[in-house]
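Examination of the molecular architecture
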Amino acid sequence: MSSDSKKRKPKVIRSEEGKRSRHEEQEGRYYSEEAEVDLRDPKKDYDLYKETCEDLQKLMAEIQDLKSKGSKDAAAEIEEKKIQSCVHFMTLKKLNRLAHIRLKKARDQTHEAKQKVDAYHLQLQNLLYEVMHLQKEITKCLEFKSKHEEINLVSVEEFYREAPPEISKADITSSDPHQQTLARLDWELEQRKRLAEKYKESLASKEKILKEIEVKKEYLSSLQPQLHSIMQASLPVQEYLSMPFDCMHKQYEIARHLPAPLYVLFVQASAYSQACAHMKSYSQSYRQDKKLVVTIEGSVEEAKALFKPPEDSQDDESDSDAEEEQTTKRRRPTLGVQLDDKRKEMLKRHPMCVSLIIKCKDCSSLYLTFYFLMNLNILTVKAKVTPASELVNAISAGDLLNPDSVLRCLYTGDDGKRTPNPANRYQFDKVGILDLSDYISDVGHPYLWVQAMGGLHFPTDQPQLAVIADNALSASHMEKTIKLLRSRLLSRLSLHKQFASLEHGIIPISGDCQNLVPAKVVSRLSRWSMMTYEDYLVLPYTKNVVEGGLAQETDHYYSLMIERGTAKLHGAVVLNPGYCSVPPLFSLCLNWKGNRSSRNDENIRVMESEINVYYKELSGLSPGFQMLTNQIQRLCMLLDVYLETECHDNSVEGPHEFPPEKICLRLVRGPSRMKPFKYNYPQGFFSHR
């Protein structure tokens, strides 16, 4: 090392020693001031601080004045005042140190006090937690419920009566409730052990029975094919005995897919068919009636598809996208096309239907097909008549067997042109259907009796919220309706044959009514034809019938003409759809020496009453289907009596145009000159009623 470095090193040591000595002085002074703080009064230090500040302020002001004067003698005075000011600054500095020391001591004391408070608070929290824990434990103990309280033990009397002495211990338990409860629990345990043993025995017995059931199931499953083969082999026997059990079973399987009204109709019609079989013997009383055949038609798969939810798949989405692309290229359907689609949807029929075949003794048949309109909740029917043999063409009988009119007014006022469901009117308004009669040819006739056969009832005083098919309603109407349908078929076929004869001028008379007319009747039927309702209304001699409300638009109208010589008797006939329970109604007009009708000739009125009022004499034996021809034959007889009893004009030379061939007791009677129209058999004369 050089000499210079050796000389500098002691200086460094001295400087470090100097610094250390100053630091020690400061610490010593600090500790002395800290001890001084305890001896000094803070209020006096505050007063000293204020005095020092005031003195310092005065000295500064004096120095400012001396400097502003700028005299040479003032420099020494200024220097002296500076020294005084420094002394005051030293005082302020000391007071500042003392204040900081006091502040530090106050903070330390506050911190120690806070620590004590925190320690006390923590002890308090611990104590409170222990108290809360103890309270919870006490509550648990108070609320504790033993498991034995949930057990329904036997009564004390039953326990002492049934429990053995080694368990009951009556001498101990009778006075100690705790021991009594323990004894009762022991007895309960003993009973449960016994029941557990019985349970195991029952399980073993159950397993044994299940195995036996499985064996029997296997036997029955193997028996099913054998039974099926036996049923197939018995089909000829079923057909021979008229007991088609296999066919009926299949029909009832298919019937499960019918809507409720059609199902009720099928069940009730099948039940009636079986009940009204020919009662030849007790053993045959449950045979199915061959004259009423009930079948189910339509697609079962489509019926099942109605209840299946649509399946969503990617293929369907792709197909629908392709269809949308094609439809966007096409023109949008017009409003009329949309309404047509809505109407078709509104009038949509269920894919399955029920058919009834009503047969008569002459092998003629009436085919009825019943449909269910799903959106309208009503039943409709379509009819078809199949005669036993080919009928002779009759122009006037063209409307008798028409499917649209053959069932008209089966019950009074039921023409089948209006929907029986009041709710349909609001549905029709939405799709623009004015009247259901415009669509009758497509959907069928919604007769009221059809609804009753399906168990449907639509009251007008309360809304029908859902379709409810009532079996009792269907059963109460089934027998009467089937009889009316069979009677309607026979009456229409009989009328058809009668009209064919009347068009050729032949009047067939039933054998039991032969004695109501004489053997010889000169007047003959020259014309029988059909007429419209409008033509009937304009006839002058039918006004009484029209004004009396006896002619309705649903009736059939016919005209006839009976001739004898120059006399021509015109007649208008109102034939009710309910013929022959409702008799035909005749209105007459005689064209001979002027026009004579019931308005101007009392005898014409009597002729009308002989036919219209005394129709029961002409009905013959039940059911009286030939009432019409019997009435026409009597009308021919009445015309003969009218003409032969008419006074002859003696001024005219030559023979009488209508020579008297009938034997009459009196030609006229009373002031109205009534003629004798009543024929008396077997005497063969005519008299007055």
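Residues numbered from 1 in each chain as written. Predicted model: local features only at pLDDT ≥ 70, side-chain atom pairs only at ≥ 80, totals over all residues. Heavy atoms only, no water.

A few points about the pattern of salt bridges
Applying the stated criterion to the full structure yields 26 salt bridges. Between Asp340 and Arg343 there is a salt bridge, with its nearest N and O atoms 3.2 Å apart. Taken as a pair, Asp340 and Arg343 lie in helix 13 (residues 335-346) at a separation of 3 residues, close to a single helical turn. We classify Arg343 as buried; its relative accessible area is 18%. Here Asp640 makes a salt bridge to Arg564, at a shortest N to O gap of 2.9 Å. Here Arg564 lies in strand 6 (residues 556-564) and Asp640 lies in helix 22 (residues 627-644), a separation of 76 residues in the sequence. The class of Asp640 is buried, set by a relative accessible area of 0%. When salt bridges with common partners are traced through the structure, they connect Glu36, Arg40, Asp45, Lys94 and Arg102 into a single cluster. (Salt bridge = Lys/Arg side-chain N within 4 Å of Asp/Glu carboxyl O. Helix = DSSP H or I, 4+ residues; strand = E, 2+ residues; numbered from the N terminus. Buried < 20%, exposed > 50% of the residue type's maximum accessible area, 1.4 Å probe, protein only.)

Concerning the sheet that holds strand 12 (residues 685-687)
Taken together, the 3 strands give an open sheet; going across it, the order is 10-12-11, and neighbouring strands pair in mixed fashion. Edge strands, defined here as strands with exactly one partner in the open sheet, are strand 10 (663-664) and strand 11 (678-680). Both strand 10 and strand 12 contribute to a ladder of 2 bridges, which runs parallel. Paired with Ile663 across the bridge in strand 12 is Phe685. (Pairing = 2+ DSSP bridges.)

Overview of a nonpolar patch on the surface
On the surface, a nonpolar cluster with roughly 340 Å² of combined accessible area is contributed by Leu134, Ile138 and Leu142. Residue placement: Leu134 occurs in helix 3 (residues 74-143). (Patch = residues over 30% accessible without salt bridge, like charges linked within 9 Å, V, L, I, M, F, W, Y side chains within 5 Å. Areas by Shrake-Rupley, 256 points an atom, 1.4 Å probe, with all protein chains shown as cover.)

Examining the sheet that holds strand 6
Strand order in the open sheet formed by 5 strands is 5-6-7-8-9, and the pairing between neighbours is antiparallel. Each having just a single partner strand, strand 5 (524-531) and strand 9 (595-597) make up the two edges of the open sheet. Neighbour-to-neighbour, the strand axes of the sheet open up by a mean angle of 20°, direction not taken into account. The pairing of strand 7 (residues 567-575) with strand 8 (residues 585-591) spans 7 bridges and is antiparallel. Each bridged residue has a counterpart across the sheet, and for His570 the counterpart in strand 8 is Cys589. (Axes fitted to C-alpha atoms, helices over the stretch in contact; angles between N-to-C directions.)

Structural notes on the packing of helix 20 (residues 602-612) against helix 22
Following both chains from N to C, one finds helix 20 and helix 22 inclined at 155°, their axes separated by 10 Å at the closest point. Considered as vectors, helix 20 and helix 22 are oriented roughly antiparallel to each other. As for the relative orientation of helix 20 and helix 22, their crossing is right-handed in sense. Contacts between helix 20 and helix 22 pair Asn603, Ile604, Met607, Glu610 and Ile611 from the former with Gln631, Arg634, Leu635, Leu638, Leu639 and Tyr642 from the latter. Residue classes in the contact of helix 20 with helix 22 are distributed as 7 nonpolar, 2 polar and 2 charged. (Parallel < 35°, antiparallel > 145°, perpendicular 65-115°, else oblique. Left-handed = near helix turned anticlockwise from the far one by under 90°. Contact = heavy atoms within 4.5 Å. Nonpolar A, V, L, I, M, F, W, Y, C, P; charged D, E, K, R; others polar.)

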